[in-house]
Amino acid sequence: MRISSEEWEKVVYFHYAHMEWAFAMGTERAHVALPAGLLKEIDALVGPRQRSAFIAEVATAEVKKRRLLEFLRSSEPVWKDEDHPELATVGTAAWVESLRNEPSTRLEGRDEHLDPL
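Residues numbered from 1 in each chain as written. Predicted model: local features only at pLDDT ≥ 70, side-chain atom pairs only at ≥ 80, totals over all residues. Heavy atoms only, no water.

Engineer: A description of the overall build of the protein should follow, citing residues and the corresponding values.
Structural biologist: Each helix and strand counted, the protein has five helices and zero strands in total. Taken from N to C terminus, the helices and strands of the protein fall in the order α-α-α-α-α. Sorting the 117 residues of the protein into buried and exposed places 3% on the buried side. As displayed, the protein has an accessible area near 11,400 Å², and 57% of this comes from carbon and sulfur atoms. (Helix = DSSP H or I, 4+ residues; strand = E, 2+ residues; numbered from the N terminus. Buried < 20%, exposed > 50% of the residue type's maximum accessible area, 1.4 Å probe, protein only. Areas by Shrake-Rupley, 256 points an atom, 1.4 Å probe, with all protein chains shown as cover.)

Take a look at the structure:
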């Protein structure tokens, strides 16, 4: 089977694009065994030349998800009083009330672009 010069250019392009991506990401090679059916599904979704990028993306998302779940399951408090000294003198309820009483600029100018009826 002969490969056309156009197809060869694509192969070379993807090879160098992958090398640039790997260099930029500070990657290392890892041998990973996947079930044949799963590999076929990945190839159908992203193509055989995008496997590493796809697996890296999915693994990164899964690591973030698991770290978040680990954090949410921990018993260590997120809010620490020493990180918020402004609340020590006023109290939380008074601070929230003062925020609610501040004028809101969030919606200013929202009606300027509407046509009058």
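That shown, we press on.
Engineer: Please give an account of the confidence of the model for the protein that cites residues and values.
Structural biologist: Within the protein, residue pLDDT values average 81, and 76% of them lie at 70 or more. In the model of the protein, helix α1 (residues 5-25) stands out as the element of lowest mean pLDDT, 68, in contrast to helix α2 (residues 36-46), which has the highest, 94. (pLDDT = per-residue confidence, 0-100.)

Engineer: Please set out the pattern of salt bridges residue by residue, giving values where relevant.
Structural biologist: Tallied over the entire structure, the rule returns four salt bridges. With a shortest N-O distance of 3.5 Å, Lys65 and Glu62 are connected by a salt bridge. Note that Lys65 and Glu62 are positioned in helix α3 (residues 51-73) at a spacing of three residues, about one turn of the helix. Look at Lys65 and you get partly exposed, because its relative accessible area is 45%. For Glu62, a relative accessible area of 29% puts it in the partly exposed group. Across the pair Arg66 and Glu62 runs a salt bridge, and its minimum N-O distance is 2.8 Å. Of this pair, Arg66 and Glu62 both sit in helix α3, four residues apart, roughly one helical turn. (Salt bridge = Lys/Arg side-chain N within 4 Å of Asp/Glu carboxyl O.)

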